[in-house]
Structures are given as structure tokens and as C-alpha cells.
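Geometric and topological summary
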Amino acid sequence: MNILKGAETAKALTEKAASIADSLRRPPKLVIIRFGAEGSDVSYENGAKKRMAKCHIDCESRVYEPDTDPEEFFREFAALNADEDVDGILVLQPLPAGISASRLFSSMDPEKDMDGAAPENRLRLFEGRKCVYPCTPEAVIRMIEQAGIELKGKRAVVIGRSLVVGKPLAMMLLERHATVTVCHSRTENLTSVCREADILIAAVGRAEMIDGSYIKEGAAVFDVGINVTSDGRLVGDCLTSDLSKASFVTPVPGGVGSVTTSVLALHVAEAAAKKLADG
Ligand code: NDP
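Below is a short write-up of the structure. The residue numbering used here restarts from 1 in each chain and proceeds along that chain's sequence as written. This being a predicted model, a pLDDT of at least 70 is required before a residue's local features are given, and a value of 80 or more before pairs of side-chain atoms are given or counted; all residues contribute to the totals for chains, interfaces and linings. Processing note: side-chain calculations cover all non-hydrogen atoms of the structure and skip hydrogens and water entirely.

Side note on the sheet that holds strand 4 (residues 88-91)
So the rule is basically this: By the convention used here, strands pair only if DSSP detects at least 2 bridges between them. Strands are runs of DSSP state E lasting at least 2 residues, helices are runs of H or I lasting at least 4, and numbering of each runs from the N terminus. Structural elements are reduced to axes, namely lines fitted to C-alpha atoms, with helices fitted over the stretch in contact, and the angle between N-to-C directions of any two is expressed from 0 to 180 degrees. Contacts were defined at the residue level, with two residues in contact if any of their heavy atoms lie within 4.5 Å.
An order of 3-2-4 is seen for the 3 strands of this open sheet, with the pairing classed as parallel. Edge positions in the sheet fall to strand 3 (58-64) and strand 4, since each of these pairs with one other strand and no more. Mean inter-strand twist for the sheet, computed between neighbouring axes without regard to direction, equals 20°. Of the strands in this sheet, strand 2 (29-35), strand 3 and strand 4 touch helix 3 (residues 70-82), which is tilted by about 170° from strand 2.

And the structure:
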């Protein structure tokens, strides 16, 4: 079994984003919106800022209190949306109760939507048209491509059906001609469904749930999960030490999660290139 780290994919995407950024008449600009100071949000934001710097992309954070007046927030958001100098916006989720996700993403310019959450991007993804993909599922696809794993005609099983990971990833796999099954908490005989997978993707959020009994000989396993155990370990959804039958397994940390900020950087660079070419 090979451990498939994200470093090579992240490096290739970072170089591509930097080379696009360097070809433009001004640096691309990303704005990250964060509510509150939840640890995982702050650490993702810090990682994203470092990645943008490596790609020569300007990055600004806008931090709001979770009890910010929604009308005031949406006024500022509209101005940001209309700001010609801003190429991309990333809103860290979940949002506080007072801020409607559907209002926010419906009002977001789809060209500035760096995480494929605006309705127009979701529609285009569903219809198989060009769109901005959500970063995490795209990171999985980029790792599959980088590793040279064939998708056409292969059986892919995705565990998880969230709007952030499972559903969009299923669409992307389908678009690449995999035969896709999506599993969730009500799926019966989950282990035997997973054992049919040539490519198994776990986006469950349950620490080390996927053991060897879920794995077909030679399967490629992509672990999207990020979980902290009661003894403070950061682990994925897969019990990697038990997956010797797999051909590839992505580690946590250092796997899928380590590629997402490079995908984000590429989205920002491409959005800026499109805008500057259009303008
Ligand atoms: P959600 O909680 O929104 O979705 C989890 C999915 O797993 C649901 O569809 C749920 O089913 C399903 N599920 C839960 N328990 C089981 C079970 N016992 N058997 C089968 N299916 C189950 O999580 P997200 O999609 O947002 O995230 C999934 C994981 O990925 C998390 O660990 C998260 O931290 C991580 N993540 C990692 C990112 C990265 O950059 N690497 C980015 C985003 C997320 P049902 O729909 O029936 O409830």
C-alpha cells in the first residue's frame, strides 16, 4: 500500500497559480470572510494566507463577530461583491444563525465564488458545464489525476452526501465517466457497498471508521475526514494501518486537506486572469 501525500499535487497547482498571477498586470486579490475565531477556521485562514503569498496573490481577511447585524454585513458584502479590485471571495462556514447562507451565496457574484457555493456554480456543476468547483472535492480529483488513477468506467464510492464534499464530488466523478455510488448514514450494508469500490472516498467525519473490511484489493482510498480524537490526535475517517489491501491511501494530515488551499489559489488566479482579460 502506498501513502499518497498531497505535496506533489499542491506543488503543481501552486506553481500554476503563481505563473498565472505573474502574467497579470496586477496581483490577483482574495478576500476571506470569517465569523468569530473558531480554531479550525483561523488555522485554515492562516494556511490559505501562506499559500496565497507563495502564489503572489493578495489576501485580505474580514472578520465579523457572530452576532454582527445581518443588514450591516450584507451592505458591506454587496460593496465587496461590486469591488473591481477583488477577484475572489471565500466565506468560511458554518455561518452564524443570523446570516442566511442562501441569501449570501445567491447574492455572490458567481465569478468571485471561489468555493463553488453560489447557485449558478452548483447548477453548472450539475449540468456538467464549466464552473468553479468547491475546493475540497476538486482537491480529490486533482490528486486522482496527479496519481494517474483511471476513473473512466471504474466504480467510485463516496461516503458522505454533504453539499460541501460528497454531492459535488459525486458529480465530478460522474463527469469523468466513473460509475458512482453515494453512501450516507442510512445506507444498508455499507461495508459490502464500499468493497465494490475501485476508488473509495471517505467524507464522513467519523474518526478511523473505515477499516480493512471496507476495502477491495487494490482500491485507491481518499480520506477527506478531519477528526480530533478524545486523546487529541488529528486523524481521518480511515484506519490507515488496517488498509494494507489498498493500492493508495491518502494520509491525514498531509493528504487531501493539504491540497485545498492550492486549489483555492488556482481559482483566484484564474478568476483574476478572466476578469483582466474581459476588462
Ligand atoms: P457532514 O457532517 O456535512 O457530512 C457527513 C456525511 O457523512 C453525511 O452525508 C452523513 O450522512 C455521512 N455519515 C455520517 N455518519 C455516517 C456513517 N456512520 N455511515 C455512513 N455515512 C455517514 O460533513 P462534511 O461533508 O462537511 O465533512 C466530512 C468530513 O470531511 C469531516 O471530517 C470534515 O471535517 C472533513 N472536511 C475536510 C475538508 C478538507 O479540506 N480536507 C473540507 C471539508 C470537510 P447523512 O447525510 O445521512 O447524515
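Structure shown, so let's carry the discussion forward.
Points about empty space enclosed by the protein
It is the rolling of a water-molecule-sized probe over the atoms that shows where space remains empty. For the record, the criterion: A pocket, in this scheme, is an open set of points on a 1 Å grid over the protein atoms alone with protein on both sides within 12 Å along at least 5 of 7 lines, while a cavity is a set where a 1.4 Å probe fits but cannot get out; residues line either one if an atom lies within 4 Å of a point. Grid points are joined across faces, edges and corners, and a volume is the space filled by probe spheres set on the points.
Applying the stated criterion to the full structure yields 1 cavity of 30 Å³ or more. Quantified by volume, the largest cavity comes out at close to 30 Å³. Together, Ile-89, Leu-90, Val-91, Gln-93, Phe-105, Met-108, Asp-113, Asp-115 and Ala-117 line the largest cavity.

Describing the layout of surface pockets
Our working definition: Here the term charged refers only to Asp, Glu, Lys and Arg, the term nonpolar to Ala, Val, Leu, Ile, Met, Phe, Trp, Tyr, Cys and Pro, and the term polar to all other amino acids, Gly among them. What fixes the domain bounds is an automatic or database domain assignment.
Size it by volume and the largest pocket reaches roughly 1400 Å³. If you go around the largest pocket, you meet 46 residues; those closest to its centre are Ser-40, Tyr-44, Thr-136, Ile-226 and Thr-260. Every element with two or more residues in the lining of the largest pocket is listed here: helix 2 (39-54), strand 4, helix 6 (135-146), strand 9 (227-228) and helix 9 (260-278). Split into classes, the residues belonging to the lining of the largest pocket amount to 22 nonpolar, 16 polar and 8 charged. When we break the lining of the largest pocket down by domain, the ones giving at least three residues each are domain 1 (25-111) and domain 2 (135-257).

Notes on the site of the ligand
In plain terms, the rule: Each residue is tested against the molecule or strand, and it is near if at least one of its non-hydrogen atoms lies within 4 Å. Two N or O atoms form a polar contact when they lie within 3.5 Å of each other; inside protein one atom must be a possible hydrogen donor and the other a possible acceptor, and for residues adjacent in sequence the pair counts only when both atoms belong to side chains. Under the convention used here, a 1.4 Å probe and the Shrake-Rupley method define accessible areas, while residue burial counts only the protein chains that appear.
Inspection of the region around the ligand gives 21 residues, with Arg-161, Ser-162, His-184, Ser-185 and Ile-226 positioned closest. A distance of 3.3 Å separates an oxygen atom of the ligand from a polar atom in the side chain of Thr-136. Note that an oxygen atom of the ligand is positioned 2.5 Å from one of the side-chain N or O atoms of Ser-185. For the ligand, whose unbound accessible area comes to 920 Å², protein coverage reaches 71%.

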